[in-house]
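Fold and geometry: a report
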Amino acid sequence: MRLDWSPLRAELSKWRRKNMTLPVWWRDDDAIEVTPHLERLVTRSEAVGVPIHLAIIPRDASKELADFIKETDHIVPVVHGWSHTDHQPDADTNCEFGEARSRDIRREEAGEGLRRLQRMIGDDVCPMFVPPWNRVGSDMLVDLPALGYRYLSTCNPRDIEEPAAGLQVINTHIDPIYWRPSRHMSHPELVIEKMTNLLKKRRQGKSDNAEPFGLLTHHLAHSPKIWEFCRQYWMELLDGPVEIFDARRATN
Ligand SMILES: [Zn+2]
């Protein structure tokens with residue numbers, strides 16, 4: 001797959017000239033078991049040297065997955081809600097932790113999500129809450145630090161770094177999948193244009209460059225084209241002035 005990365009390359013040269021560094025990270029969602037796609041994801045992660053923050057659906061996570069993660073240094077396990085169930089009455093907006101349900105129930109599920117993964121995987125679980133469909137009712141943000149969470153991750157540039165005391169937002173910015181009406185690769189040139197524009201805003205000080213710039217993938221939904229795009233994404237980006245973010249080593 002031949003892609004034109006020249007807009008991004010030109011932007012990264014400007015970063016070099018300004019001596020700026022882009023923090024980058026990788027999140028992948030919806031893991032419940034070990035599959036060939038997951039193994040391929042880990043191989044890719046090892047090849048490029050960027051750890052995968054793997055969002056695991058706690059209720060359904062298998063013991064085999066937990067064992068696999070314990071043996072794999074390149075996976076940072078994070079919490080993907082509880083059961084990935086849509087509870088919204090509105091058919092257009094899927095959400096597990098929206099205000100359609102009581103805050104108590106949501107708090108209980110978010111707490112149990114972290115506890116279950118900790119029981120299965122141990123202390124290596126990163127206390128990052130990744131609400132399914134990247135949506136969470138703002139009323140429960142203050143509950144997350146009390147439940148043990150230190151990070152919240154959804155999508156798009158964050159508006160605010162710390163929406164509740166002790167809770168840092170680290171979002172994702174690029175998703176190569178066009179979800180509706182069917183899951184397929186977005187037009188790659190448009191994704192490259194989006195990356196370039198987001199980086200330009202950071203360079204110009206119009207958006208927050210302290211937030212790690214995130215790639216969001218869904219290994220179970222990857223076609224060969226998407227795998228290839230991700231390979232090129234990391235090859236291009238890691239050629240720039242970047243610093244790889246790993247929540248295990250972050251201090252906040
Ligand atoms: Zn999901």
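**Comments concerning the environment of Trp-227**
Tracing the backbone shows Trp-227 in helix 7 (residues 224–237). The exposure class of Trp-227 is partly exposed, given the 19 C-beta atoms found within 10 Å.

**Some points on the environment of Gly-148**
As for its placement among the helices and strands, Gly-148 is situated in the loop between helix 5 (143–146) and strand 5 (151–152). Taking the number of C-beta atoms within 10 Å as the measure of exposure, Gly-148 has 15 and is therefore partly exposed. Residues Gly-148 and Phe-68, 80 residues apart in the sequence, show an inter-C-alpha distance of 24 Å. For Gly-148, the contacting residues outside a window of four places in its chain are Leu-114 and Pro-127.

**Looking at helix 2 (residues 36–48)**
Relative to the 18 Å expected for 13 residues at 1.5 Å per residue, helix 2 spans 18 Å between its end C-alpha atoms, a close match to the ideal helical length. Regarding helix 2, the residues found buried are Leu-38, Leu-41, Val-42, Arg-44 and Ser-45. Viewed end-on, helix 2 has its buried residues packed into an arc of 160 degrees, placing them on one side of the element. Across helix 2 from its buried face, at more than 90 degrees, point the exposed residues Pro-36, Thr-43 and Ala-47. Taken from the residues just after helix 2, Gly-49 is the one with a positive phi, measuring 80 degrees.

**Focus: the packing of helix 1 (residues 6–17) against helix 6 (residues 188–203)**
The N-to-C vectors of helix 1 and helix 6 enclose an angle of 15 degrees; their axes lie 9 Å apart at closest approach. Considered as vectors, helix 1 and helix 6 are oriented roughly parallel to each other. You can see that helix 1 and helix 6 cross each other, and the crossing is left-handed. Here Pro-7, Leu-8, Glu-11, Lys-14 and Trp-15 of helix 1 lie close against helix 6, whose contacting residues are Ile-192, Glu-193, Met-195, Thr-196, Leu-199, Lys-200 and Arg-203. In terms of residue class, the contact of helix 1 with helix 6 is made up of six nonpolar, one polar and five charged.

**Some remarks on the pairing of strand 2 (residues 52–56)**
Two faces belong to every sheet, and in a regular strand the side chains alternate between them. The buried count for strand 2 comes to five of five residues, which makes it a mostly enclosed element. A two-sided burial pattern is seen for strand 2, the buried positions comprising Ile-52, Leu-54 and Ile-56 on one face and His-53 and Ala-55 on the other. Here strand 1 (residues 22–31) pairs with strand 2 via four bridges, running parallel. Bridge pairing links Arg-27 to His-53 in strand 2. Handedness of the strand 1-helix 2-strand 2 crossover: right-handed. Tracing the backbone out of strand 2, into helix 3 (residues 63–70) and back to the parallel element strand 3 (residues 75–79) gives a crossover that is right-handed.

**Describing unusual backbone geometry**
A positive phi angle is found at Asn-19, which is not glycine, with a value near 55 degrees. Relative to the elements of secondary structure, Asn-19 occurs in the loop between helix 1 and strand 1. The phi dihedral of Asn-156 falls on the positive side, at around 80 degrees, and the residue is not glycine. By the element assignment, Asn-156 lies in the loop between strand 5 and strand 6 (168–169).

How each quantity is defined
Residues numbered from 1 in each chain as written. Predicted model: local features only at pLDDT ≥ 70, side-chain atom pairs only at ≥ 80, totals over all residues. Helix = DSSP H or I, 4+ residues; strand = E, 2+ residues; numbered from the N terminus. Buried ≥ 20, exposed ≤ 12 C-beta atoms within 10 Å, placed from the backbone. Contact = placed C-beta atoms within 7 Å. Expected span 1.5 Å × (residues − 1). Arc of directions from axis to C-beta. Axes fitted to C-alpha atoms, helices over the stretch in contact; angles between N-to-C directions. Parallel < 35°, antiparallel > 145°, perpendicular 65-115°, else oblique. Left-handed = near helix turned anticlockwise from the far one by under 90°. Nonpolar A, V, L, I, M, F, W, Y, C, P; charged D, E, K, R; others polar. Pairing = 2+ DSSP bridges. Right-handed = clockwise from strand over helix to strand, strands pointing away.

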